[in-house]
Structure formats: C-alpha cells, structure tokens
Amino acid sequence: MTTPATPTPAPTPAPKKSGKSTIIIAILSVLVLVQSVKIYLDYQEKVEVKAELATTEEDLASTMQRLNDVKLELDQKIEEIAKLGGDVTELEKAKAEVTAELKRSNSRNSKAIKELKDRLEGYEQLLKIKDEEIDKLKSLNQELYTENRTLKTKQNVLSDSLNKVNKNKAELATKVALASQLKAENINLVSVNDKGKEKEPPFRKRQLEKIKVEFTIADNKVAPIEGKKILVRVIDQNGQPIFDTTKGSGTFILNGKEEFFTSAQEILFDNTGQKLSFTYDKGSEYTAGSYTVEIFTDGYLMGSTRFEVR
C-alpha cells in the first residue's frame, strides 16, 4: 500500500483505569472485618459475664449470634454481587427476614430456638449457593477485563463466554427454585360419614359422603419461612375438577390457565413437618370410577394420590 502524504496523528492513548475503586473496596473490607471482630469480642464478653445463665439462654445467645453473622455475610454478599452486576433480589429478601428475626424479643423456648436453627440452616445453604455465583461472576468480570485488552477480532470469543455464563446462572437459578419447592408426603385418604366414622378406599358410592385428605409437608431447609396457600383438587373419572364455590372452592393459575380447585387452606410454612387435613362434602353421590387428588401451592404440584369409587 502507498503511505499517505499527510501523516496520520498518533492515536491518543487510552486513559488508565483509576485504582480508587480497589482502594475503596479494601478500606470497606477492613471496616467490615473490624466490625466483625468487635461484634465477636462483645459476644465473648457477654458470655463470660452471663456464664451462670441456663443452657436454653446460652443456646439462644449462640443462635442469635449465628443469625447476626448470617446478616453480616448477607450484607457482604449483597455488596459484592451488586458490584459484580448480579441479581441480589433473593439475598435482599433473606436479609429482611433475618433483620426482622433479630428485632424480635430474645425470650424464646427450646422449640422456638430449634425452629430458628432450622431456618438458619436454610440461610447458610443460600449463602453457600451465592458463593458459587460470586465465583462465576468474578470469572465473568475477569474475562471481560481480559477481552477489553485484546483485539476486536476476539469479540466472538467473549460473546461465547458470556452466553455460557448466562446459561450457568439461569441453570443455577432454576436449581435453587426447584430445591425450594415444597413436597407433600404421607398422603392419606379416607371417607367420613355423618357419625365421623372413617373408611379407607376403595369406596362404595352409596357409602361415600365426605372425602378427608391428610398429608405432611416434607422437610425443606432451602424454602423460605413464609405464608402459603395450599390447594387440594379432586379430579373425577372424566378428568374434570370437583368444586363448589359455596363450600370454599375457587380458581388458580396452572400452566398459564385458570383452573378450579376443590378446597384450600392458608398456612405459615415454618419447616416443622406440618400436618394438614382437608375435608370436602360433595353434597351428591360420586359416580363410579377412578379419581385423582392433587395438592398444589404457588402454581406447582406438591403431590398426588388416587382412589376408586365402585
């Protein structure tokens, strides 16, 4: 090629990135560390002063300290993931729950302490999952930094890397969502007559008056402690739901469609192996055939069973 007669001005060097952000992060890390040490020392002093307190009080103090440590870790994870460009919605929700628990009265019995410990395990499991997400986000940011120093011809490599990371994040979010779904176990179905006498299936249609469904919510330390609406749906031999809006039936969204449910209950899920019981009086004779009982919450199936009417 022929060199142009007029020299081309030299490209202006790209300004170097300031190291102020790194310094600020380092200072904040030191402050958080100092605060953690101060909290730990304060706790040690309280333990020494109140050594004569009962085991229950010591256990509560230890549990509350763990809860406070979890809050500090949540603060750190929220700050770190936000700086790395990740989603902190789930962590913010967990932080609000922990903060509310810390503001409660410190007077609790042993059962309440055990329930709190169970919830703590769920929060700690969430923190472990977020550690993996942070590693992936750090890897992503390192890749971005490296790619910014390379030639434009390597942009396709960066694009492929971003797609892989986004896919991994989506898969991780899906796994967490699936892990937090509640399951119904030990599902038991009986018929109940007007005298309260119960009978197990199969049922004779002339003897079938009321259906009683009982089950236990399985242990799930990942699921948050929160209010849940549990729905029971009885499906007849033709695949149609049995419902009566005057007896508590209603509708819910299932797979994007509005469907009827037979009966419902509002509960506070607290991961204590809660046992639920639903009784439904159809008010008319059941047709012979095979019936299905489905249990739902938040639009997903918790469990199901079947019974025969002869």
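Procedures and definitions
- Residues numbered from 1 in each chain as written.
- Predicted model: local features only at pLDDT ≥ 70, side-chain atom pairs only at ≥ 80, totals over all residues.
- Heavy atoms only, no water.
- Helix = DSSP H or I, 4+ residues; strand = E, 2+ residues; numbered from the N terminus.
- Buried < 20%, exposed > 50% of the residue type's maximum accessible area, 1.4 Å probe, protein only.
- Contact = heavy atoms within 4.5 Å.
- Areas by Shrake-Rupley, 256 points an atom, 1.4 Å probe, with all protein chains shown as cover.
- Pairing = 2+ DSSP bridges.
- Salt bridge = Lys/Arg side-chain N within 4 Å of Asp/Glu carboxyl O.
- Expected span 1.5 Å × (residues − 1).
- Arc of directions from axis to C-beta.
- Axes fitted to C-alpha atoms, helices over the stretch in contact; angles between N-to-C directions.
- Parallel < 35°, antiparallel > 145°, perpendicular 65-115°, else oblique.
- Left-handed = near helix turned anticlockwise from the far one by under 90°.
- Nonpolar A, V, L, I, M, F, W, Y, C, P; charged D, E, K, R; others polar.
- 1 Å grid on protein atoms, 1.4 Å probe; cavity = no way out; pocket = protein on both sides within 12 Å on 5 of 7 lines; lining within 4 Å.
- Points joined across faces, edges and corners; volume = space filled by probe spheres on them.
- Phe/Tyr/Trp six-rings, centres within 6.5 Å; stacked < 30°, edge-to-face > 60°.

Trainee: Describe the overall build of the protein chain, naming the residues involved and giving the relevant values.
Mentor: For the protein chain, the helix and strand inventory stands at five helices and eleven strands. Residues counted as buried form 33% of the 310 residues belonging to the protein chain. Across the protein chain, every contact between residues at least 6 apart in sequence was considered, and the portion connecting residues at least 24 apart equals 69%. Per element, the accessible surface of the protein chain, about 19,800 Å² overall, is 52% carbon and sulfur.

Trainee: Describe the sheet that holds strand β2 (residues 198–199), with residues and values.
Mentor: The four strands lie next to each other as β2-β1-β3-β9, forming an open sheet whose pairing is antiparallel. Bordering the open sheet on either side are β2 and β9 (275–281), each of which pairs with just one other strand. Across two bridges, the pairing between strand β1 (residues 184–192) and β2 is antiparallel. Pairing of Ser 191 across the sheet is with Lys 199, part of β2.

Trainee: Please give an account of the pattern of salt bridges that cites residues and values.
Mentor: Between side chains of opposite charge, pairing is possible as soon as their charged atoms come close. Following the criterion strictly, the structure yields 20 salt bridges and no others. Residue Glu 214 pairs with Lys 212 through a salt bridge whose shortest N-O separation is 3.4 Å. Among the ionic contacts, a cluster of salt bridges with common partners joins Lys 93, Glu 226, Lys 228 and Asp 298.

Trainee: How would you sum up helix α3 (residues 89–103)? Please name residues and give values.
Mentor: Spanning 15 residues, α3 covers 22 Å between terminal C-alpha atoms, matching the ideal 21 Å at 1.5 Å per step. For α3, the complete set of buried residues consists of Leu 91, Ala 94, Glu 97, Val 98 and Glu 101. For α3, the angular spread of the buried residues around the axis is 125°, confining them to a single face. Turned more than 90 degrees from where α3 packs its buried face, Thr 89 and Lys 103 sit exposed.

Trainee: Quick one: what's the story with the side chain of Ser 263, residue by residue and with numbers?
Mentor: Mapped onto the secondary structure, Ser 263 falls in strand β8 (residues 263–269). Residue classification places Ser 263 among the buried residues on the basis of a relative accessible area of 14%. Contacts of Ser 263, omitting those with residues within four sequence positions, involve Ile 230, Leu 231, Val 232 and Phe 278.

Trainee: Give a description of the packing of α3 against helix α4 (residues 110–148) that names residues and reports values.
Mentor: Their axes nearest at 12 Å, the elements α3 and α4 cross at an angle of 150°. What the angle tells us is that α3 and α4 run roughly antiparallel. Helix-helix and strand crossings are classified by hand; for α3 and α4 the assignment is left-handed. Here α3 contributes Glu 90, Leu 91, Ala 94, Glu 97, Val 98 and Glu 101 to the contact with α4, which in turn contributes Leu 116, Arg 119, Tyr 123, Leu 126 and Lys 130. Counted by class, the contact of α3 with α4 contains six nonpolar, no polar and five charged residues.

Trainee: So what's going on with empty space enclosed by the protein? Which residues, and what values?
Mentor: One pass over the full model with this rule turns up one cavity of 30 Å³ or more. Counted as a void, the largest cavity has a volume near 60 Å³. Of all the elements in the fold, those that place two or more residues in the lining of the largest cavity are β3 (210–217), β4 (226–235) and β9. When residues in the lining of the largest cavity are grouped by element, the largest group, three residues, is from β9. Considering only residue class, the lining of the largest cavity consists of six nonpolar, three polar and no charged.

Trainee: Explain the packing of aromatic side chains residue by residue, including any values.
Mentor: In this structure the tally under the stated criterion is seven aromatic pairs. Aromatic pair Phe 252 and Phe 296: ring centres 5.3 Å apart, planes at 50°, arrangement tilted. Separated by 44 residues along the polypeptide, Phe 252 in strand β6 (residues 250–254) and Phe 296 in strand β10 (residues 289–297) bring together distant segments of the chain. Under the relative-accessibility criterion, Phe 252 is labelled buried at 10%.

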